[in-house]
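# Structural description and commentary
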Amino acid sequence: MTDKKQNMAGLTATEAKRLQEQYGKNELTARKKESFFKKILHIICEPMFLLLIVAATIYFILGESRDGAIMLIFVVGIISIDVIQEWKTDKALNALKDLSAPHVTVIRDGKEQTIASADLVPSDLMMIYEGVKIPADGIIIKCNDLCVDESSLTGEAEGVWKINTESADSTSDYWRRDYCYAGTLVTQGTATVLVDKIGGSTEYGKIGANVASAPEEPTPLQKQTGSLVKLCAGIAAVLFALVGIFTWLNIPDHSFGDRLIESILSGITLAMAMIPEEFPVILTVFLSMGAWRLAKKQSLVRKLPSVETLGAVSVLCVDKTGTITMNQMTVQDTWATDGNTIALCEVMGMGCETDAYDPMEKAMLKHCETLGILKEDLFAGELISEYAFTNELKMMGHIWRRDDGITVAAKGSPERILTICKLTDLEKQTAEQKITEMSKQGLRVIAVATAKLQSEAEIPAQITDCHLTLCGLIGLADPPREGVKADIAVCNKAGIRVVMITGDNGITAASIAKKIGMQNSDHIITGDMLSEMTDEELREKVKDVSIFSRVIPEHKMRIVKAFKDNGEIVAMTGDGVNDAPALKYADIGIAMGKRGSEVSREAADLILMDDNFTTIVETVKDGRRIYDNIRKAVGYVFTIHIPIAFASLLAPILGIAPSALLLLPLHVVLLELLIDPTCSIVLERQPAEADIMERSPRDPKEKLLTAKTLAKSILQGLIIFAASFGTYYVILDGNVDNAPVARAMGLAIIMLSNLFLVQVNSSDHDFTFQSVKRLVKDKVMWAVNLGTLAMLGIILYSPLNGLLKLAPLSASLLLKAVIIAFIAVFWFELVKLVKRQKLKNGSMQ
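Residues numbered from 1 in each chain as written. Predicted model: local features only at pLDDT ≥ 70, side-chain atom pairs only at ≥ 80, totals over all residues. Heavy atoms only, no water.

## Focus on the overall build of the protein chain
Selection criterion: Counting from the N terminus, the helices are DSSP H or I runs at least four residues long and the strands are E runs at least two residues long. Think of it in three bands: with a 1.4 Å probe and only protein chains considered, a residue is buried below 20% of the maximum accessible area for its type, exposed above 50%, and partly exposed in between. Here a residue-residue contact requires only that any non-hydrogen atoms of the pair lie within 4.5 Å. Accessible surface is estimated by sampling points in the Shrake-Rupley manner with a 1.4 Å probe; for residues, cover comes only from the protein chains shown.
For the protein chain, the count of helices and strands is 33 helices and 21 strands. Put simply, the protein chain has 845 residues, and 52% of those count as buried. Across the protein chain, every contact between residues at least 6 apart in sequence was considered, and the portion connecting residues at least 24 apart equals 73%. Accessible surface computed for the protein chain: about 38200 Å², of which carbon and sulfur atoms make up 58%.

Written out as structure tokens, the structure reads:
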């Protein structure tokens, strides 16, 4: 007893200071941030960057410092984009860290005082009450009608009624009823809690630490890019050696030093032409810009590669409350026994708390307002007494003294309320029939009853001793979000299965699923059924089940795993701490920015700032668009590298003198400067194609550069090569003096073809004029196109032409270059026309 009295006086300020020195602040263990230099080192170690750095180093060794500097500018620019994006994401995340209570009331030095929750220490006595987010784990010393929402930690939607430690019986349950947990919310009552654990030691903190230590897996795109780069580097190394040897054999009259430098430079030119160093630029710019666009649509991307993975999502696991529904209870149906709905709703309102916190009571009072029954009228009398709601009773009541006498207004579970009502067998049967009818509609049914008393002496001590008259039934529901039905239809068309995972009962979930048009809405697996299934059985069942009800946290991981084992790409939404491991395990973890816990946001790849299902669908659409555009850009890069590579390879074979080559190393770098903005800016800005959400999700094992895309790229590249190199070779006519004009003509055809190629390849289905029409008001696209023409003008008609070993072209030659480039690229429009015709004929049959 002495200890308890001492406990109730709380800690002294000196003890609290000593304990804080021992245990530290009550804060979640911050995830160890990667140092700035480590981050840069990690980026540089990517195969693509290593190739760029090696190429730049060779240029410096050979005295081509300007070209080497250009390479290094690429590297620095790309690293900056990556680091800035991560910094912006971290900044936004820090702004979201507002979940834990900033202040808490404690007893220290024998009196109540408010302190920052970060200053809580073990053995502190904290006072908690309705609406408070509990800031630490602790033992309940005493409590009064304490109900806590622990869904963020356990996944259970219903509040947990707590008891003090003296009333607790020995239980094997992990989650104790005589204990409070950090990160949970008090929905009713008050309590005095002895702080037991703080910061990273709390249950909330432990889950966060486990999630933070989970290994990172590379995305399909990262794996594909790595293998593509290695392949290109291998080809480049072989060609480098071949061209070097051919050049060496072609210039036997040069001195050994000059002969060696010319051979290496020719090899470097070809190797540079073959190394698609635009890939890191493409990926970083496309993903960064994708993340920026998504942020404007209320999606915060935490991990850039996940932007692309979104496009491959085939299963979308979502929570019902707050994602599919509005997370806002409303009265959907009422049934009055005597047909008087106004009288029923008046009693219902009088049975609510005057300062309602419970979502159902808020909905009831709002419904009263819509009927013209104001709070002032409902609570105009004197509240004499009340029967508190408890988990055991599942009903409550208020006793009011009003002008017309004393009224008992009670509401609660129909099963319990009916036991204290005076009903005939027929009345009881009618009421039960109505309860079943409302429940089948997915409504949460509340019974309302009343009684008139003559005096205070007649007020029963317990609600169970009352003899009431049933007024009727109230049906409440959390309605689906506006537009969610249309979004589900889009998902169905896009081949994305939407799966509902909820802690609510199956009937309610199935009813909502049916309303919004979810497929297989009548196929339900409950948590109990799931517990009895083996992993193999679950893998089979998830193939056609869309609703998982009454699930507990560990079930979520199993569900996600079962889908992944079936070869699906899974996106999972979650808001609770308990969702964090499943979010981490899913291919794409989507956390809620408004109502989500800090730990779930840390575990996620994507954070929805508006907790809206429509935003998820828009994000998936954008993911598909980004992947489409990356694929187009990669195809384009291969196409445009073919004329560059083949020109470098064929010239030594044909015995063309090194000084008369079509492309010198500086010209290759010049073309690279042109290719990068063209593919990374113009193609990135391409809007989604009309049928993008009518296609099935792509196969995650599908290569970034498919055989079909590669064949198209090679064919386009060879035709551009034939046009540019053929024109150059004809004008050169074996005379070295003609080289500046021939080179200018060949280079002009490649640059103009590049301009046309982007427009032609911006869509696989639509004609060029349709693609241009979509971006006709896009200032950036105009800037890039006009910039390309300006660059061509500068290198041909300014003093720079001498430095670049080019000659200005006459008007007729320039017109010929435009016509040749046009024909070399626009033949593909005829291919599109043939494709369309075949598709049209196929659909008509």
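## Regarding the nonpolar core
Short version of the rule: Grouping buried Ala, Val, Leu, Ile, Met, Phe, Trp, Tyr and Cys residues that are joined through side-chain atoms within 4.5 Å yields what is termed a nonpolar core. Where each domain begins and ends follows an automated or database-derived domain assignment.
Membership of the largest hydrophobic core comes to 104 residues, with the highest contact counts inside it found for Phe-613 and Ile-795. The dominant element in this core, judged by the number of residues it contributes, is helix α25 (residues 613-653), at 16 residues. A domain-level breakdown of this core finds at least three residues from each of domain 3 (219-284 + 630-841) and domain 4 (298-324 + 479-610). Discounting chain neighbours no more than four positions away, the residues touching Phe-613 are Leu-316, Val-318, Thr-323, Ile-324, Arg-481, Val-484, Asp-487, Ile-488, Cys-491 and Val-498.

## Details of helix α27 (residues 707-732)
Where we set the bar: Here, expected helix span is obtained from the residue count minus one, scaled by 1.5 Å.
With 26 residues, α27 ought to run about 38 Å at 1.5 Å a step, and its terminal C-alpha atoms sit 36 Å apart, in line with that. At the C-terminal side of α27, Asp-733 shows a positive phi close to 50°.

## Focus on the packing of aromatic side chains
Selection rule: Centres within 6.5 Å are what make two rings of Phe, Tyr or Trp a pair, Trp counting through its six-membered ring; a difference in plane orientation under 30 degrees is then read as stacked, over 60 as edge-to-face, and the rest as tilted. Whether a charge sits over a ring comes down to the Lys NZ or Arg CZ being within 6 Å of the ring centre and within 35 degrees of the ring normal.
Enumeration over the complete set of coordinates arrives at 12 aromatic pairs. Aromatic pair Tyr-179 and Tyr-181: ring centres 5.1 Å apart, planes at 50°, arrangement tilted. In this structure Tyr-179 comes out as buried when scored by relative accessible area, which is 4%. A centroid spacing of 5.5 Å and a plane angle of 55° characterise the contact between Phe-646 and Phe-721, whose relative ring orientation is tilted. Pair noted here: Phe-646 is in helix α25 and Phe-721 is in helix α27, with a separation of 75 residues, a long-range link. Taken together through their ring pairs, the aromatic side chains of Phe-646, Phe-721, Phe-725, Tyr-728 and Tyr-729 make up a single cluster. The ring of Tyr-627 is capped by Arg-698, whose NZ or CZ atom sits 3.6 Å from the centre of that ring.

## A closer look at the packing of helix α28 (residues 739-760) against helix α30 (residues 779-797)
The axes of two packed helices give the description: the angle between them and the distance between them. Rules: Each axis is a line fitted through C-alpha atoms, and for a helix only the stretch in contact is used; angles between axes span 0 to 180 degrees, taken between their N-to-C directions. Under this scheme an angle from 65 to 115 degrees is roughly perpendicular, one under 35 degrees roughly parallel, and one over 145 degrees roughly antiparallel; angles in between are oblique. Each residue is assigned to one class: nonpolar for Ala, Val, Leu, Ile, Met, Phe, Trp, Tyr, Cys and Pro, charged for Asp, Glu, Lys and Arg, and polar for all the others, Gly among them.
In contact at an axis separation of 11 Å, α28 and α30 are set at 175° when each is read in the N-to-C sense. When the axes of α28 and α30 are compared, the pair comes out roughly antiparallel. Across the interface between the two elements, Ala-744, Leu-747, Ala-748, Met-751, Leu-752, Leu-755 and Gln-759 of α28 pack against Met-781, Asn-785, Thr-788, Leu-789, Met-791, Leu-792, Ile-795 and Leu-796 of α30. When its residues are assigned to classes, the contact of α28 with α30 shows 12 nonpolar, 3 polar and no charged.

## Some points on the pattern of salt bridges
The cut-off we apply is this: Here a salt bridge means any side-chain nitrogen of Lys or Arg lying within 4 Å of a carboxyl oxygen belonging to Asp or Glu.
Under the criterion given, the structure shown has 28 salt bridges. Glu-437 serves as the salt-bridge partner of Lys-434, at 3.1 Å between the closest nitrogen and oxygen. In this pair, Lys-434 and Glu-437 are both assigned in helix α17 (residues 425-440), 3 residues apart and thus about one turn of the helix distant. The exposure class assigned to Lys-434 is buried, which follows from its relative accessible area of 19%. Taking the relative accessible area as the measure of exposure, Glu-437 reaches 39% and is therefore partly exposed. In this structure, Lys-543 engages Glu-540 in a salt bridge whose closest nitrogen and oxygen atoms are separated by 3.3 Å. Connected via shared salt-bridge partners are Arg-293, Lys-297, Asp-622, Arg-625 and Glu-684.

## Here we look at the pairing of strand β1 (residues 103-108)
Quick note on the threshold: At least two DSSP bridges between two strands are required for those strands to pair.
With respect to burial, β1 is a largely interior element, 5 of its 6 residues being buried. As paired strands, β1 and strand β2 (residues 111-116) are joined by 6 bridges and run antiparallel to one another. Opposite Val-106, over in β2, you have Gln-113 as the bridge partner. The antiparallel pairing of β1 with β2 creates a hairpin that spans 2 residues between the two strands, and Asp-109 there sits at a positive phi of about 55°.

## Comments concerning helix α14 (residues 359-370)
With 12 residues, α14 ought to run about 16 Å at 1.5 Å a step, and its terminal C-alpha atoms sit 17 Å apart, in line with that. By the burial criterion, the buried members of α14 are Met-360, Glu-361, Ala-363, Met-364, Leu-365, His-367 and Cys-368. Note on α14: the residue one or two positions beyond its end, Gly-372, has a positive phi of about 85°.

## Concerning the confidence of the model for the protein chain
This is how it is decided: Every residue is assigned a pLDDT by the predictor, reflecting its confidence on a scale from 0 to 100.
With 83% of its residues at a pLDDT of at least 70, the protein chain reaches an overall mean of 82. Ranking the elements of the protein chain by mean pLDDT puts helix α1 (residues 2-8) last, at 48, and helix α13 (residues 341-350) first, at 96. In this model, residues 1-6 is a region of pLDDT below 50 whose contacts with residues beyond four sequence positions or in other chains number 2 contacts. Every residue in residues 95-101 scores below 50 in pLDDT, and together they form 17 contacts with partners more than four places removed in sequence or on other chains.

## Examining unusual backbone geometry
Its identity as a non-glycine residue notwithstanding, Ser-123 has a phi of 85°, on the positive side. Tracing the backbone shows Ser-123 in the loop between β2 and β3 (125-129). Assessed through its relative accessible area of 37%, Ser-123 is described here as partly exposed. Even without glycine at this site, Gln-298 takes up a positive phi of about 75°. Relative to the assigned elements, Gln-298 resides in the loop between α10 (278-296) and β8 (299-301). By relative accessible area, which is 34% here, Gln-298 ends up partly exposed.

## Quick notes on the sheet that holds strand β20 (residues 588-592)
If you trace the 8 strands from one edge of the open sheet to the other, you get β8-β21-β20-β19-β9-β16-β18-β17, paired in mixed fashion. Two strands close off the open sheet at either side, each with one partner strand: β8 and β17 (524-526). The mean angle between the axes of side-by-side strands here comes to 20°, regardless of whether they run parallel or antiparallel. Relative to strand β21 (residues 606-608), β20 runs parallel, the two sharing 3 bridges. Bridge pairing in β21 links Ile-590 to Leu-606. The strands touched by helix α19 (residues 506-515) within the sheet are β16 (497-501), β17 and β18 (547-549), with β18 carrying the most contacts at an inclination of about 150°.

## Notes on the side chain of Asn-629
Among the secondary structure elements, Asn-629 is positioned in helix α25. On the basis of relative accessibility, which here comes to 1%, the residue Asn-629 falls in the buried class.

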